[in-house]
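# What the coordinates show
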Amino acid sequence: MSLSTDTEARIKDLICDILEIEKDEVTRESLFAEDHDADSLRAIEILAALEKMFSVTIDQEELPRMVNLEGVYTVVGEALSVKQ
């Protein structure tokens, strides 16, 4: 399931808030850990916030795929398609 531009923007805003970075600092491909100094605790925080925002369940086994915005968009899209 592809996400709307609005949904992608909401996800990006949430991730930038959690990582305490400016929106123009993150791209679809920039890596949270390597490029933005995110640790595993931040990854869990992002996952929990996404679950709450979209009322979905995302297995922690998905974390290795959620290393950048592109990965997060994919995982959230899959979680939303299961929910429907």
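Numbers given for residues are sequential positions, taken from 1 along each chain in its written order. This being a predicted model, a pLDDT of at least 70 is required before a residue's local features are given, and a value of 80 or more before pairs of side-chain atoms are given or counted; all residues contribute to the totals for chains, interfaces and linings. With hydrogens and water excluded, all non-hydrogen atoms of the structure serve as input to the side-chain values.

### A short note on the overall build of the chain
The cut-off we apply is this: Secondary structure elements follow DSSP: runs of H or I no shorter than four residues count as helices, runs of E no shorter than two count as strands, and numbering proceeds from the N terminus. For this measure, only C-alpha atoms enter the radius of gyration; the expected value for a globule follows 2.2 Å times N^0.38, where N is the number of residues. When accessible area is computed with a 1.4 Å probe and restricted to protein chains, residues below 20% of their type maximum are described as buried, those above 50% as exposed, and intermediate ones as partly exposed. The contact rule is simple, with two residues in contact once any of their heavy atoms fall within 4.5 Å. Positive charge is attributed to Lys and Arg, negative charge to Asp and Glu, and no charge count is given to His or to the chain ends. The atoms used to mark charge sites are NZ of Lys, CZ of Arg, CG of Asp and CD of Glu.
Broken down by element type, the chain carries four helices and zero strands. Computed over its C-alpha atoms, the radius of gyration of the chain comes to 12 Å, within 12% of the 12 Å expected for a compact globule of 84 residues. Overall, the C-alpha framework of the chain stretches about 35 × 25 × 20 Å when taken along its three principal axes. A burial count over the chain gives 39% of its 84 residues as buried. Taking the intrachain contacts of the chain between residues at least 6 apart in sequence as the baseline, contacts between residues at least 24 apart amount to 52%. Each charge class in the chain can be summarised by its mean position, and for the 8 positive and 20 negative side chains these summaries are 7 Å apart.

### Some points on the side chain of Ser30
To keep it simple, the criterion reads: Counted as a polar contact is a pair of N or O atoms within 3.5 Å, where, for protein atoms, one must be capable of donating a hydrogen and the other of accepting one, and residues adjacent in sequence contribute only when both atoms are in side chains.
Mapped onto the elements of the fold, Ser30 is located in the loop between helix 1 (5–19) and helix 2 (32–36). At 2.9 Å, the side chain of Ser30 and the side chain of His36 are in polar contact. Ignoring sequence-local partners within four residues, the contact set of Ser30 consists of Glu25, Asp35, His36, Val67 and Asn68.

### A look at the packing of helix 1 against helix 4 (residues 69–83)
Between two packed helices, the angle of one axis relative to the other and the distance separating the axes together describe the packing. So the rule is basically this: Note on geometry: axes are lines fitted to C-alpha atoms, helical ones only across the stretch in contact, with angles between N-to-C directions running from 0 to 180 degrees. Angles below 35 degrees are treated as roughly parallel, those above 145 as roughly antiparallel, those between 65 and 115 as roughly perpendicular, and all remaining angles as oblique. The hand of a helix crossing depends on one turn: near helix anticlockwise from the far one by less than a right angle means left-handed, and clockwise means right-handed. Side-chain classes are defined by residue name, with Ala, Val, Leu, Ile, Met, Phe, Trp, Tyr, Cys and Pro counting as nonpolar, Asp, Glu, Lys and Arg as charged, and the others, Gly among them, as polar.
Orientation of helix 1 relative to helix 4, taken along the N-to-C sense of each, is 125 degrees, at an axis distance of 11 Å. When the axes of helix 1 and helix 4 are compared, the pair comes out oblique. At the point where helix 1 passes helix 4, the crossing takes the right-handed sense. Between helix 1 and helix 4, the residues in contact are Glu8, Ile11, Lys12 and Ile15 and Leu69, Val72, Tyr73 and Val76, respectively. The residue inventory of the contact of helix 1 with helix 4, partitioned by class, reads six nonpolar, no polar and two charged.

### Let's talk about the confidence of the model for the chain
Rules: Per residue, pLDDT measures the predictor's confidence, with a range of 0 to 100.
Summarising the model, the chain shows a mean pLDDT of 96, and 100% of its residues fall at 70 or more. Of all secondary-structure elements in the chain, the lowest mean pLDDT belongs to helix 4, at 96, while helix 1 reaches the highest, 98.

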